[in-house]
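# Close look at the chain arrangement
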Amino acid sequence: ISVIIVNLNGEEYLGDCLNSLSAQTFRDFEVVVVDNGSTDGSLRILRDRYPWVKLVALGKNTGFSEGNNIGLEASSPSQYVATLNNDTIAERDWLKELHETAARDRTVGMVASKILLGREGREIDSVGMLLYPDGMSRQMGRGKTDTGQFDDVREVLFPSACAALYRREMIRETGFFDEDFVSYCEDADLGLRGRLAGWKAVLAPRAVVRHLYSRTGGAYSTFKAYQLERNHVWVLLKNFPLTFILVSPFYTFWRYCIQWYGILSGKGSVARIAEETSKSELIMIVLRAYSGALAGMPRMLKKRRQIWKSRRMAAAEYRRLLKKYRIAAGELMLRD
């Protein structure tokens, strides 16, 4: 397994992440850290304390997608590639459980971890991902207490790239992250491309990772809001059936209605952003995001033709998947 970590000014928590990897019970792995132009002490820590890490030091912030692609190029030709956020702590059997789950079935291209929030406690961050009908995604199980309800190996739509395993054979076929996305929604795009290509995705419930959550990108930043609003359109254009695309504006309109209710009532992540941002600025973020999405539409449609030309999953089965893992607007927008 090649574990790829994209780091930006992660001095505060990078050590905990790497220490957790050094303690893994599964030993046949390498770690590639791609540093996106950190200005803190990250590079010093990596060079002084972790000589076993393969370091790729970049002079600028390339974003999550390109950073991971650079890490993939620098990695050894391993059977699997794992992506891991720098603000995480992996439990000792994380890689062992991911590997064993993937090895049971050669048609499994992606394996999701059980991601819990914080250093302690049982609050779930993700056990796979869900999709709203306009391409916006959210973690399955987010905010729920882990009582064992997700303790069986089960199908998921696709994993969160915060802590995921990908079969390299699938990556060779589908490509890795789309660099146009920069950050956010890139795992939805990759996951859907993998499913369309006929690969399965499952949850490894004993592959547990602790997530300190958005320490790099910011939990409620305007940058994140812009990226999500732009990139979900590209997920839709590249990977959704045409009939789903045609009705998506109605779902987007309803999502915005729920969002404004959330802002007025103080509920959901958008309300957290609105606490530090004016409503007019929020509107400008949405307008800029859709402008950026439209500018990139020709590229996305070209990519769509390639994806759908080579897909192996039947259209009816794919529509069933999207409906099975659909999330409601209230669940998407009114939770932090």
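Residues numbered from 1 in each chain as written. Predicted model: local features only at pLDDT ≥ 70, side-chain atom pairs only at ≥ 80, totals over all residues. Heavy atoms only, no water.

## Here's the deal with helix α2 (residues 42-49)
- Inspection of α2 places Ser42, Ile45 and Leu46 among the buried residues, and these make up the whole buried set. Seen from one end, α2 has its buried residues packed into an arc of 95 degrees, which puts them on one side. Residues of α2 that are exposed and point more than 90 degrees away from the buried face comprise Arg47 and Asp48. (Buried < 20%, exposed > 50% of the residue type's maximum accessible area, 1.4 Å probe, protein only. Helix = DSSP H or I, 4+ residues; strand = E, 2+ residues; numbered from the N terminus. Arc of directions from axis to C-beta.)

## A closer look at the environment of methionine 136
- When you line up the elements, methionine 136 lands in the loop between β8 (129-131) and β9 (137-139).
- Methionine 136 gets classed as buried once you look at its relative accessible area, which sits at 6%.
- Between the alpha carbons of methionine 136 and isoleucine 327 there is a distance of 9.3 Å; along the sequence they are 191 residues apart.
- Look past the residues within four positions of methionine 136 in its chain and what remains in contact with it is Leu130, Leu131, Leu228, Glu229, His232, Arg255 and Leu332. (Contact = heavy atoms within 4.5 Å.)

## Side note on the pairing of strand β11 (residues 163-167)
- The element β11 is extensively covered by neighbouring structure, given that five of its five residues are classed as buried.
- By the alternation rule, side chains of β11 split into Ala163, Leu165 and Arg167 and Ala164 and Tyr166, which are all buried.
- Bridge count between strand β4 (residues 80-84) and β11: five bridges; the pairing is antiparallel. When the sheet's bridge partners are listed, threonine 83 is paired in β11 with alanine 164.
- Pairing between strand β6 (residues 108-117) and β11: three bridges, direction antiparallel. The residue of β11 that forms the bridge with alanine 112 is alanine 164. (Pairing = 2+ DSSP bridges.)

## Things to note about the pattern of salt bridges
- Counted according to the given criterion, the structure contains 26 salt bridges.
- Of the charged contacts, one joins lysine 54 and glutamate 30 as a salt bridge, the two residues approaching to 3.4 Å between their closest N and O atoms. Residue lysine 54 is found in strand β3 (residues 54-58), and its partner glutamate 30 is found in strand β2 (residues 30-36); the two are separated by 24 residues along the sequence.
- We classify lysine 54 as partly exposed; its relative accessible area is 32%.
- Residue classification places glutamate 30 among the buried positions, given a relative accessible area of 16%.
- Ionic pairing is found between glutamate 155 and lysine 324, a salt bridge with its closest N-O pair at 3.2 Å. Taken together, the residues glutamate 155 in strand β10 (residues 154-155) and lysine 324 in helix α12 (residues 315-324) connect sequence positions 169 residues apart.
- In this structure glutamate 155 comes out as partly exposed when scored by relative accessible area, which is 29%.
- Shared partners join several salt bridges into a network, and the residues in it are Asp178, Asp180, Asp189, Arg193, Lys238, Arg299 and Lys303. (Salt bridge = Lys/Arg side-chain N within 4 Å of Asp/Glu carboxyl O.)

## Some details on the layout of surface pockets
- Considering only enclosed or pocket space, the second largest pocket measures out at about 290 Å³ in volume.
- Every residue lining the second largest pocket is counted, 15 residues in all, and those nearest its centre are Glu173, Thr174, Arg193, Gln306 and Ile307.
- Elements that contribute at least two residues to the lining of the second largest pocket include exactly α5 (168-174), α6 (186-196) and α11 (297-309).
- Among the residues forming the lining of the second largest pocket, the class breakdown is five nonpolar, three polar and seven charged. (1 Å grid on protein atoms, 1.4 Å probe; cavity = no way out; pocket = protein on both sides within 12 Å on 5 of 7 lines; lining within 4 Å. Points joined across faces, edges and corners; volume = space filled by probe spheres on them. Nonpolar A, V, L, I, M, F, W, Y, C, P; charged D, E, K, R; others polar.)

## Topic: the state of the cysteines
- Tallying each qualifying case throughout the model produces zero disulfides.
- Here cysteine 17 is not disulfide-linked; the sulfur of cysteine 162 is the nearest cysteine sulfur, at 9.4 Å.
- By relative accessible area, cysteine 17 is classed as buried at 0%.
- Of the cysteine sulfurs around cysteine 185, a residue in no disulfide, the closest is that of cysteine 162, at 15 Å.
- Of the residues examined, cysteine 185 reaches a relative accessible area of 4% and is grouped as buried. (Disulfide = S-S within 2.5 Å.)

## Here we look at a nonpolar patch on the surface
- Together, Leu242, Leu246, Val247 and Phe250 line one region of the surface with nonpolar side chains, adding up to about 450 Å² of accessible area.
- Within the fold, valine 247 resides in helix α8 (residues 242-265). (Patch = residues over 30% accessible without salt bridge, like charges linked within 9 Å, V, L, I, M, F, W, Y side chains within 5 Å. Areas by Shrake-Rupley, 256 points an atom, 1.4 Å probe, with all protein chains shown as cover.)

Honestly, it's all geometry; don't read function into it.
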